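Survey of secondary and tertiary structure
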Amino acid sequence: SQTIHQWPATLVQPVGSPLSLECTVEGTSNPNLYWYRQAAGRGLQLLFYSVGIGQISSEVPQNLSASRPQDRQFILSSKKLLLSDSGFYLCAWSYNSGYEQYFGPGTRLTVT
Amino acid sequence: QKEVEQNSGPLSVPEGAIASLNCTYSDRGSQSFFWYRQYSGKSPELIMFIYSNGDKEDGRFTAQLNKASQYVSLLIRDSQPSDSATYLCAVSGGGADGLTFGKGTHLIIQP
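Below is a short write-up of the structure.

The rules behind these values
- Residues numbered from 1 in each chain as written.
- Chains lettered and ligands numbered in written order.
- Predicted model: local features only at pLDDT ≥ 70, side-chain atom pairs only at ≥ 80, totals over all residues.
- Heavy atoms only, no water.
- Disulfide = S-S within 2.5 Å.
- Helix = DSSP H or I, 4+ residues; strand = E, 2+ residues; numbered from the N terminus.
- Buried < 20%, exposed > 50% of the residue type's maximum accessible area, 1.4 Å probe, protein only.

Some words on the state of the cysteines
Overall, the coordinates contain 2 disulfides over all chains when judged by the stated rule. Covalently, C23 of chain A is tied to C91 of chain A through a disulfide, its sulfur atoms 2.0 Å apart. In this structure the cystine formed by C23 of chain A and C91 of chain A twists about its S-S bond by roughly -70 degrees; its chirality is therefore left-handed. Remark: C91 of chain A occurs in strand β9 (residues 87-94) and C23 of chain A occurs in strand β3 (residues 19-26); sequence separation between them is 68 residues. With respect to burial, C23 of chain A and C91 of chain A carry one shared label: buried. Disulfide partner of C23 of chain B: C89 of chain B, at an S-S distance of 2.1 Å. Across the disulfide from C23 of chain B to C89 of chain B, rotation about the S-S bond amounts to roughly -70 degrees, and the bridge is consequently left-handed. Residue C23 of chain B is located in strand β3 (residues 19-25), and its partner C89 of chain B is located in strand β9 (residues 85-92); the two are separated by 66 residues in the primary sequence.

Things to note about unusual backbone geometry
The omega torsion of the bond from W7 of chain A to P8 of chain A falls at 0 degrees, within 30 degrees of zero and hence cis. Within the fold, P8 of chain A resides in the loop between β1 (3-7) and β2 (10-13). One non-glycine residue, N30 of chain A, lies in the positive phi region at around 50 degrees. Among the structural elements, N30 of chain A can be located in the loop between β3 and β4 (32-38). The phi dihedral of Q70 of chain B falls on the positive side, at around 55 degrees, and the residue is not glycine. On the secondary structure map, Q70 of chain B appears in the loop between β7 (61-66) and β8 (71-76).

The analysis is restricted to geometry; functional conclusions fall outside its scope.
Quick look at the structure:
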């Protein structure tokens, strides 16, 4: 069966500090991968998606970036965090475009 | 701009009754439709997906799709307190950018 991992589970970072969140998927190959952010009381905002190694598409211009160095690894990064980057960051995978997505446990980021 | 609209609630339903959650979408080319359940502080969990007009049943859950009206619904029969959560409707046009989510309906099942 497939499993998706995210770490860390929680993170408190000062404004201006760097960020690296990691997501890995087990039990499948060549998945589509997604990063979402969910701000308090708001909906899911798609940040990045990837259909293969090294292929990243950005949905929202911002100070975040994503990379996919391996087939089942997806990384979200920032060089300098802003207060507005606080939120619940969710990684998801799907078998292919248009199919259901399965979410990881999420990382709750607080920027102070 | 693809949009998915849901009533934010809260929707309060007595235990044992049927909970009815509704969703409308703007993109007439949408092909796949999903319902997720999200408990407070947790990640969304897939409950149902439906691709064709009509009803699809899975246990206590029934998803209904009407593409002509651009309307999707989720019925929960014999509602239990453990069903209290936020329910997210999601829609896909089949593109690589994945799903467009509504903001969710907060459901409260009263014992």
